[in-house]
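Now for the letters of each chain:
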Amino acid sequence: MPTPSAVSTASPDYWEPLWAGGRRYRQLCETEKQLMAEHLGPGEGRPALDIGSGDGRLARHLHHGLGYRTTGIDCSSSAVAVAAAHNSGTGPAPAWQCLDFATGDLTTLPDPAYALITCRLVYRWMDDKAGFLGRVRRLLAPGGTFWVVTEIAGRRTTTDPALLGLGISPSDAELLAAGWSVVRTADLDVLRCFALRP
């Protein structure tokens with residue numbers, strides 16, 4: 001088994017033990033939901049893809065709250081199991097799929113293109129950010145939106161290097177925002193939300 005320092009933070013080998021061990025991450029707040037409503041608008045049954053869906057809260061909000069037909073994917077089978085276990089028996093639920101977005105076969109997804117692709121607290125962990133963004137662009141439908149929520153480096157009031165390392169650098173933020181015809185941002189404490197359109 002590889003040592004933790006040798007495991008890529010973009011790989012299932014990194015995330016599976018965390019999800020299987022009960023680790024959970026920052027939940028959606030009302031302010032974030034309001035920002036999504038303002039920047040994304042109603043789904044009207046259009047397809048949405050949530051990359052790194054974790055426990056599925058964002059995918060469920062997109063599906064039930066905003067009206068998208070949502071698929072949530074995660075590279076951790078334990079995360080996918082947690083998300084699926086929260087499906088309610090009332091009406092259609094999001095679809096869940098265990099898939100490593102960075103390296104997996106994207107033709108296994110239920111739709112060839114998506115009106116909305118979301119990536120919440122995931123972009124920072126991608127080893128090959130340019131490759132990741134290229135895969136997103138290939139799946140985003142014309143006129144679609146790529147919604148990214150990520151921590152920005154230097155915003156935390158802490159000296160803990162593990163926490164300080166959670167944010168993306170200015171160059172990573174520049175790479176993320178490059179090449180889109182529309183770039184809108186909104187700040188949410190240590191996070192920045194990006195609404196990107198081709």
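Going by the structure above, here's the rest.
Bear in mind that the values here come from a model prediction, so they are computed numbers and not experimental data.

Some points on the packing of helix H1 (residues 12–20) against helix H4 (residues 77–85)
Phase 1: Direction vectors running N to C along H1 and H4 enclose 45°, while the axes themselves pass 7 Å from each other. As summarised for this structure, H1 and H4 are arranged oblique, according to the angle between their axes. Taking contact as the criterion, the partners of Glu-16, Trp-19 and Ala-20 in H1 are, on H4, Ser-77, Ser-78 and Ala-79.
Phase 2: The residue inventory of the contact of H1 with H4, partitioned by class, reads 3 nonpolar, 2 polar and 1 charged.

Side note on the state of the cysteines
Chemically, a disulfide is nothing more than a covalent bond linking the sulfur atoms of two cysteines.
Phase 1: Under the definition given, this model contains 0 disulfides.
Phase 2: Cysteine Cys-29 shares no disulfide, and the gap to the nearest cysteine sulfur, in Cys-193, comes to 8.5 Å.
Phase 3: Its sulfur unpaired, Cys-75 is 7.1 Å from the next cysteine sulfur, which belongs to Cys-98.
Phase 4: Look at Cys-75 and you get buried, because its relative accessible area is 16%.

Describing the sheet that holds strand S6 (residues 182–188)
Phase 1: Spatial strand order, S3-S2-S1-S4-S5-S7-S6: 7 strands in an open sheet with mixed pairing. Two strands bound the open sheet, and with one partner strand each, they are strand S3 (95–98) and S6. Strand after strand, the sheet turns through a mean of 15° between neighbouring axes, direction not considered.
Phase 2: Relative to strand S2 (residues 69–74), strand S1 (residues 47–51) runs parallel, the two sharing 5 bridges. Bridge assignment links Pro-47 to a residue of S2, and that residue is Arg-69.
Phase 3: Across the sheet, helix H3 (residues 57–65) touches S1, S2, S3 and strand S4 (114–120), and the angle it forms with S2 is around 170°.
Phase 4: Together, strand S5 (140–151), S6 and strand S7 (191–197) form the strand contacts of helix H7 (residues 170–177), whose direction differs from that of S7 by roughly 25°.

Notes on unusual backbone geometry
Phase 1: Notably, Glu-44 is not glycine yet its phi reads approximately 50°, a positive angle.
Phase 2: When you line up the elements, Glu-44 lands in the loop between helix H2 (30–40) and S1.
Phase 3: One non-glycine residue, Leu-121, lies in the positive phi region at around 60°.
Phase 4: As for its position among the elements, Leu-121 is in the loop between S4 and helix H5 (129–139).

Calculation criteria
- Residues numbered from 1 in each chain as written.
- Predicted model: local features only at pLDDT ≥ 70, side-chain atom pairs only at ≥ 80, totals over all residues.
- Heavy atoms only, no water.
- Axes fitted to C-alpha atoms, helices over the stretch in contact; angles between N-to-C directions.
- Helix = DSSP H or I, 4+ residues; strand = E, 2+ residues; numbered from the N terminus.
- Parallel < 35°, antiparallel > 145°, perpendicular 65-115°, else oblique.
- Contact = heavy atoms within 4.5 Å.
- Nonpolar A, V, L, I, M, F, W, Y, C, P; charged D, E, K, R; others polar.
- Disulfide = S-S within 2.5 Å.
- Buried < 20%, exposed > 50% of the residue type's maximum accessible area, 1.4 Å probe, protein only.
- Pairing = 2+ DSSP bridges.

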